[in-house]
Amino acid sequence: MSKTGIIPFGPQHPVLPEPIHLKLVVEDERVMEVYPAIGFVHRGLEMLAAKKDINQMIYVVERICGICSMMHGMTYCQALEELMGLDIPPRAKFLRVIWAELHRIHSHLLWLGLFADSFGFENLFMQSWKIRERIMDMLERTAGNRVIISVNIIGGVRRDMDDSTLRWILQEISGVEKDLSGLKDMVLNNYTVKKRTVGKGVLSKDEALRLGAVGPVARGSGIARDLRATGYAAYGELDFEPVVEKEGDCFSRSVVRIREIYQSIDLIRQAVSKMPSGEISVKVKGNPPVGEVISVVEQSRGEVFYYIKTSGTQYLERLRVRTPTFANIPALLKMLPGCELADVPVLILTIDPCISCTER
Amino acid sequence: MLGNIKSVLLNLAKKPVTRMYPDVKRNYFENTRGHLINDMEKCVLCGICQRVCPSNCIKVNRDEARWEYNPFECVLCGVCVERCVKKSLKLDSAYRQPASSKYRVELLMESREEGKAAGKVKSLA
Ligand code: SF4
Ligand code: SF4
C-alpha cells in the first residue's frame, strides 16, 4: 500500500536561494499535486512610483531583478520614450542591444550553473560561473558596475563605448565562445545530465500555449515566440531566428538556453559591426503627457510586461510589472505532478525561476 | 563522458582562476563606480545632488554649510555626479571598504567666502 503525505519545498531550500514555497502532495516518492505559495519577498517596488520621480524610478525598476536589471531599465525607458514620442539615436539602440545580450549570456550561464548544482554536478557549476566572470568584467568595464549596470536613461543611454572597447568586447566574446565549446559537450553529450533531464517535466506545445508560458520554456516546447523579433531597440536591423526545440522536456529547455548563448554572441558581433556613429541620447524636456503605455521586452527568462499610466506630473500614476517567472509558474505546476521527488529541484530550476522578480 | 575527462585533464594542467586575496588584488577598471567622493573646495551646496539622488542618501544643509551623505544607502548610480554643476562630486573606482559599523560622511564648508573645506567628519548614524 502506498503512503500519502505532504512535503514542503522551500521557502528555504538548499538548491534554490530564493523563497518559493511549494506544498508537494506525494504518494511514496511520486509527486501527485502541487500547491504554490509566493509572497515572501514582496518589496512594494511598484508603489515607489508615487514617491520617486520618473528619472529616479529607472534605478528602482532596475532593482526588480539583479540578473536582468538592464532589461528592466530598458523596458521602462522604452515605455516612457514611446509615451513622450522620443526618437532615440540609433547608436543608443545598438548599445542597448549589446548590453542586453551580455546580460542574457550571463543570465543563462548563471542558470546553467544553478541547474547543474540542482542535480549535484558541482564541476559544471564552477565552470559555467568561471566563464560568466568574463561577461561581468565586460559589463564592469563598459558600464561601471558588474550587475546593476544602470546604463539606461529616458532618451538613450548614459555611457558610450569607444572603438578600442568595442574591439576588446569582440576579442573577449570570442574567448567566451571558445570556453563554451568545452562546456557545451559537458552538458549536451553527457550520460548523467541526459539521465536526469531527458523526458522529465514534459510540457507539450498546446499546454505551453494554454498556460501562457514565455521565453525558453515556451521555445523549448516548440513555440517560436521571441519578442526580439518585434524589432524593438536595434533588433529589427539584426539578423536572427528564435531558437526552438520541440521535445518540451528539461533537456530541450537546456538546449534552448545554450543555443541562445551562441545566438547572443552572434547578435553582439552583428551589433558591433553595424554600430552607427553619433549621439547616444536625446534631451528630454518636461514631464510625460497624460496617458497609458504598454512595453514588452524579451528578457533572458522570457517576456517582461510593463504597464505605465502617467498623470502629467513627474510621478507615475501606476506602474505594473509582470515578470517572466510569474508567467511560467502555471507551466511549472503542470510539469511537477507525476515526477519523482528527487526531480523536483531540477524541474523547478528548468524554468529559471526568479522569485524576487515575480514578487517585486 | 569523454568531454568530462578532457575537461578534468585540461583543468589539472591550468593555473587556478581564483586569486589569493588579499595578497593578490583585482585591479579596478577605470570607469568602475566604486565610491563617491566630494571635493568641498568646489561644492557650492546647491542641493541638486540631493534632489536627483534616487536613494535619497545625500543631505545638503545650507544653514550649517554641511554636505552629508550615507554611503550605505548609496546605490552608486552616478546620477549625482552627472548632474553636479560644479563637478565637485566624483566616483572613485575603488570599491567602498567594508566597515564594522555604519557611519555617515559629513563634510563641512568652513567659510563660504574663503571656500575652505574642513576634514572628513565621520559619526555613527
Ligand atoms: S550638486 Fe555638486 S555643487 Fe551642488 S551641492 Fe551637490 S556636490 Fe555640491
Ligand atoms: S551615486 Fe546615486 S545613489 Fe549614490 S549618492 Fe549619487 S545619486 Fe545618490
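Our subject in this report is the structure included herewith. All chains use their own residue numbering, which begins from 1 and follows the written sequence. Ligands are numbered from 1 and chains lettered from A, in the order in which they are written. In keeping with the predicted nature of the model, local features appear solely for residues at pLDDT of at least 70, side-chain atom pairs appear and are counted solely at 80 or more, and the whole-chain, interface and lining totals rest on all residues. By convention in this description, side-chain values take in all heavy atoms of the structure and omit both hydrogens and water.

### Topic: helix α10 (residues 324–335) of chain A
Counted at 1.5 Å a residue, the expected span for α10(A) with its twelve residues is 16 Å, and the 17 Å between its end C-alpha atoms agrees. Summary of the burial criterion: residues with accessible area below 20% of their type's maximum are buried, those above 50% are exposed, and those between are partly exposed, where the area comes from a 1.4 Å probe applied to protein chains only. Helix and strand labels come from DSSP, where a helix needs a run of H or I of at least four residues and a strand needs a run of E of at least two; each type is numbered from the N terminus. Taken as a whole, α10(A) has its buried residues at A:Pro324, A:Thr325, A:Ala327, A:Asn328, A:Ile329, A:Ala331, A:Leu332 and A:Met335. The span you would expect from a helix comes to 1.5 Å times its residue count less one.

### Re the site of ligand 2
Each residue is tested against the molecule or strand, and it is near if at least one of its non-hydrogen atoms lies within 4 Å. Taken together, B:Leu36, B:Cys53, B:Pro54, B:Ser55, B:Cys57, B:Ile58, B:Cys74, B:Val75, B:Leu76, B:Cys77, B:Gly78 and B:Cys80 make up the full set of residues near ligand 2. Here the residues of the shell around ligand 2 are counted per class, giving ten nonpolar, two polar and no charged. Note that Gly is not counted as nonpolar here; it falls among the polar residues with everything else outside the nonpolar set of Ala, Val, Leu, Ile, Met, Phe, Trp, Tyr, Cys and Pro and the charged set of Asp, Glu, Lys and Arg.

### Things to note about the site of ligand 1
Taken together, B:Asn38, B:Cys43, B:Val44, B:Leu45, B:Cys46, B:Gly47, B:Cys49, B:Trp67, B:Cys84, B:Lys86, B:Ser88 and B:Leu89 make up the full set of residues near ligand 1. For the shell around ligand 1, the class distribution of residues is eight nonpolar, three polar and one charged.

### A few points about the layout of surface pockets
In this structure, the largest pocket encloses a volume near 950 Å³. Definitions used for this entry: grid spacing 1 Å over protein atoms alone; cavity, a set of points where a 1.4 Å probe fits but cannot get out; pocket, an open set with protein on both sides within 12 Å along at least 5 of 7 lines; lining residue, one with an atom within 4 Å of a point. Along the wall of the largest pocket there are 26 residues; nearest its centre are A:Asn55, A:Val284, B:Val52, B:Val79 and B:Arg83. Among the secondary structure elements, those contributing two or more residues to the lining of the largest pocket are α1 (54–61) of chain A together with α2 (48–52) and α3 (79–83) of chain B. Grouping the constituent residues of the lining of the largest pocket by class yields ten nonpolar, eight polar and eight charged. Grid points are joined across faces, edges and corners, and a volume is the space filled by probe spheres set on the points.

### A closer look at the side chain of A:Thr323
All names here are of chain A. Secondary-structure assignment places Thr323 in the loop between β8 (316–322) and α10. Residue class for Thr323 comes out buried when judged on its relative accessible area of 0%. Throughout, a contact is declared for two residues whenever any of their heavy atoms are within 4.5 Å. Ignoring any residue separated from it by four or fewer positions in sequence, one finds Thr323 in contact with Ile64, His72, Glu303, Val304, Cys357 and Thr358.

### Section: the sheet that holds β8(A)
Residues and elements named next belong to chain A. Pairing in this open sheet of three strands is antiparallel, and the strands run β6-β7-β8 from one edge to the other. Both outer strands of the open sheet, β6 (291–299) and β8, are each paired with one neighbouring strand and no more. Here the average twist between neighbouring strands, direction ignored, is 15°. Of the strand pairs in this sheet, strand β7 (residues 302–310) and β8 are connected by six bridges, and their pairing is antiparallel. Bridged to Ile308 within β8 is Leu319. Here, a strand pair is defined by DSSP locating no fewer than two bridges between the strands. For every element, the axis is a line fit to its C-alpha atoms; helices are fit only across the contacting stretch, and the angle between N-to-C directions ranges from 0 to 180 degrees.

### Let's talk about the sheet that holds strand β2 (residues 21–27) of chain A
Residue and element names in this part refer to chain A. Reading across from one edge, β1-β2-β3 is the order of the three strands in this open sheet, with antiparallel pairing throughout. What marks the edges here is a single partner per strand, and that holds for β1 (4–9) and β3 (30–37). Each strand of the sheet is rotated relative to its neighbour by a mean of 20°, with strand direction disregarded.

### A look at the pattern of salt bridges
Any two side chains of opposite charge can pair if their charged atoms end up close together. All names here are of chain A. The term salt bridge refers to a side-chain nitrogen of Lys or Arg lying within 4 Å of a carboxyl oxygen of Asp or Glu. Taken as a whole, this structure holds 28 salt bridges over all chains when the rule is applied. A salt bridge links Glu101 to Arg104, with the nearest nitrogen and oxygen atoms 3.1 Å apart. Remark: Arg104 and Glu101 occur in helix α3 (residues 90–118); sequence separation between them is three residues, near one turn of the helix. Residues Glu101 and Arg104 agree in their burial class; the two are buried. A salt bridge links Asp343 to Arg196; the nearest nitrogen and oxygen atoms lie 3.2 Å apart. In this pair, Asp343 sits in the loop between α10 and α11 (344–350) while Arg196 sits in helix α6 (residues 191–197), placing the two residues 147 residues apart along the sequence.

### What about a nonpolar patch on the surface?
Like charges within 9 Å and nonpolar side chains (Val, Leu, Ile, Met, Phe, Trp, Tyr) within 5 Å are joined into patches, using only residues over 30% in relative accessible area that form no salt bridge. Only the protein chains shown count as covering a residue, and every accessible area follows the Shrake-Rupley method with a 1.4 Å probe. Taken together, the side chains of B:Ile5, B:Val8, B:Leu9 and B:Leu12 make up a nonpolar region of the molecular surface, amounting to roughly 410 Å² of accessible area. Mapped onto the fold, B:Val8 is located in helix α1 (residues 2–13).

### Structural notes on the nonpolar core
Put simply, buried Ala, Val, Leu, Ile, Met, Phe, Trp, Tyr and Cys residues joined by side-chain atoms within 4.5 Å make one nonpolar core. If you look at the biggest cluster of nonpolar residues, it comprises 123 residues, and the most contacted ones within it are A:Tyr76, A:Ile98, A:Trp99, A:Leu102, A:Tyr235 and A:Leu319. Residues contacting A:Ile98, with those up to four places away along its chain left out, are A:Met161, A:Leu166, A:Ile169, A:Ile268, A:Ala271, A:Val272 and A:Met275. Membership of the second largest hydrophobic core comes to 21 residues, among which are B:Ile58, B:Ala65, B:Trp67 and B:Cys80.

By themselves, these are just geometric observations and shouldn't be taken as functional.
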